[in-house]
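# Commentary on secondary and tertiary structure
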Amino acid sequence: MTLGNQDRPATGATPSPAGAPPSEPIKAIKLKHPWRIVFAVVLILLVVWFVIDASQREAYGWQYVGKYIFDKRISAAALVTLQLTIYSMIIGVVLGLILAVMRLSPNPVVKSIAWLYLWIFRGTPVYVQLVFWGLFSLIYPKLFLGVPWTDWGVTFDLGFMQNAFIIAVIGLALNEAAYMAEIVRAGLLSVDSGQEEAATALGMGWGRTMTRIVIPQAMRVIIPPTGNEVISMLKTTSLVAAIPLTTDLYGVARDISAVTYTPVPLLIVASCWYLLFTSILMVGQYFLERRFSRGVNARRPDRGDGAALTGAVPVAGVPDGNDLGGKG
């Protein structure tokens, strides 16, 4: 005779075979980690000690921080930094996409040119590259494109390269393109080739296959490192002093500190603005990652039930592993 649901003990004990005593429920005891608590307390005390000590040191000049944090010159410089970041990233992403396609090209010449570009721009420091672009107009005041050993051709005046802002955007974008090319290439390669073959079998063209099938799946791989590159670009704009361009956030803060002899407070002011911008970018990156990761992060406990976590799909009429006739 078996016990029905109404005859099961209310203590939570598992029913045992006939003739055997009922098994007791397992009492799980949570492991204790006293050293974690000690370590956390020590860290909190160190942070509190640093904050209290920093608030009492005159070298930080908190009165100057409050004076210049919303200064019009600082605000205008922060806008210039944002413009440098946005323009450089847009150009860098477009060039990176082109270079990624060139790297995946079966043409050995095209692939070699793309590899040479990446080798140069990833192998030399950004500061050195910006110094070179600052001197570019002196090396090439004009550019002549025409037939060799003849006067037939077109001359381009490169006087616009004397504009420090334009040089900064070009220098930062060309460097960023080398890194974005590898990010885009990794994202495209992460999509299984069967997806493209299936799209071709359905009659989709190459462009529609890329925009509808490949790129949406590759975006979940491309978005996280691209967000990191945007944040990195925001901080890399502080190197445009090599051109020289001094209208960015760090340049203006440095110029003000040179006059007021308060370098530390102005560094704190610049850092506060950088932290503000990076925090906003991190929030945007979070929502973008969640948008393009839909349907992929099914392993998270807060999404779906246990069947979704294991990939088990119940089918009508088929016994599962808990039934007597199924696989145990």
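Structural notes, computed from the coordinates. (Residues numbered from 1 in each chain as written. Predicted model: local features only at pLDDT ≥ 70, side-chain atom pairs only at ≥ 80, totals over all residues. Heavy atoms only, no water.)

## Section: the nonpolar core
- Formed by 38 residues in total, the largest nonpolar core has its most connected members in Leu-84, Leu-99, Tyr-117, Trp-133, Val-240 and Ile-243.
- Going through the elements one at a time, helix H3 (72-103), helix H4 (108-123), helix H5 (126-134), helix H7 (164-189) and helix H9 (206-236) are the ones with two or more residues in this core.
- Ignoring any residue separated from it by four or fewer positions in sequence, one finds Trp-133 in contact with Phe-121, Met-161, Ile-167, Gly-171 and Leu-174.
- Among the nonpolar cores identified, the runner-up in size contains 18 residues, and Tyr-68, Ala-77, Val-269 and Tyr-274 belong to it. (Core = buried A, V, L, I, M, F, W, Y, C linked by side-chain atoms within 4.5 Å. Buried < 20%, exposed > 50% of the residue type's maximum accessible area, 1.4 Å probe, protein only. Helix = DSSP H or I, 4+ residues; strand = E, 2+ residues; numbered from the N terminus. Contact = heavy atoms within 4.5 Å.)

## Overview of the packing of aromatic side chains
- Per the stated rule, a full pass over the model turns up 10 aromatic pairs.
- Taking the centre distance of 6.1 Å and the plane angle of 5 degrees together, the rings of Trp-115 and Trp-119 count as stacked. Of this pair, Trp-115 and Trp-119 both sit in helix H4, 4 residues apart, which is roughly one turn of that helix.
- Look at Trp-119 and you get exposed, because its relative accessible area is 54%. (Phe/Tyr/Trp six-rings, centres within 6.5 Å; stacked < 30°, edge-to-face > 60°.)

## Digging into helix H10 (residues 249-260)
- For H10, built from 12 residues, the straight-helix expectation of 16 Å at 1.5 Å per residue is met to within 8% by its first-to-last C-alpha distance of 17 Å.
- For H10, every residue scored as buried is listed here: Leu-249, Gly-251, Val-252, Ala-253, Ile-256 and Ser-257.
- Phi turns positive one or two residues past the end of H10, at Tyr-261, with a value near 60 degrees. (Expected span 1.5 Å × (residues − 1).)

## Description of helix H8 (residues 193-201)
- In this structure Asp-192 caps H8, since a side-chain oxygen of it lies 2.7 Å from the backbone nitrogen of Gly-194.
- Positive phi shows up at Gly-203, right after H8, with a value of about 90 degrees. (Polar contact = N/O pair within 3.5 Å; in protein donor to acceptor, adjacent residues only side chain to side chain.)

## Regarding the packing of H10 against helix H11 (residues 263-292)
- Close contact between H10 and H11 brings their axes to 8 Å; oriented N to C, the two are set at 160 degrees. One element, H10, and the other, H11, form an angle in the roughly antiparallel class. Viewed along their axes, H10 and H11 form a crossing whose handedness is right-handed. Along its contact with H10, which presents Leu-249, Tyr-250, Ala-253, Ile-256, Ser-257 and Thr-260, the element H11 presents Pro-263, Leu-266, Leu-267, Ala-270, Trp-273 and Tyr-274.
- A class-by-class count of the residues in the contact of H10 with H11 yields 10 nonpolar, 2 polar and no charged. (Axes fitted to C-alpha atoms, helices over the stretch in contact; angles between N-to-C directions. Parallel < 35°, antiparallel > 145°, perpendicular 65-115°, else oblique. Left-handed = near helix turned anticlockwise from the far one by under 90°. Nonpolar A, V, L, I, M, F, W, Y, C, P; charged D, E, K, R; others polar.)

## Comments concerning the layout of surface pockets
- Counted as a void, the largest pocket has a volume near 340 Å³.
- Contributions of two or more residues to the lining of the largest pocket are made by H3, H7, H9 and H11.
- In terms of residue count, H9 provides more of the lining of the largest pocket than any other element does, 8 residues in total.
- Its residues assigned to classes, the lining of the largest pocket comprises 14 nonpolar, 4 polar and no charged. (1 Å grid on protein atoms, 1.4 Å probe; cavity = no way out; pocket = protein on both sides within 12 Å on 5 of 7 lines; lining within 4 Å. Points joined across faces, edges and corners; volume = space filled by probe spheres on them.)

## A short note on a nonpolar patch on the surface
- On the surface, a nonpolar cluster with roughly 1100 Å² of combined accessible area is contributed by Trp-35, Val-38, Phe-39, Val-42, Leu-43, Leu-46, Val-47, Trp-49, Phe-50 and Val-51.
- With respect to the secondary-structure elements, Phe-50 resides in helix H1 (residues 34-56).
- Given a relative accessible area of 47%, Phe-50 falls into the partly exposed group. (Patch = residues over 30% accessible without salt bridge, like charges linked within 9 Å, V, L, I, M, F, W, Y side chains within 5 Å. Areas by Shrake-Rupley, 256 points an atom, 1.4 Å probe, with all protein chains shown as cover. Salt bridge = Lys/Arg side-chain N within 4 Å of Asp/Glu carboxyl O.)

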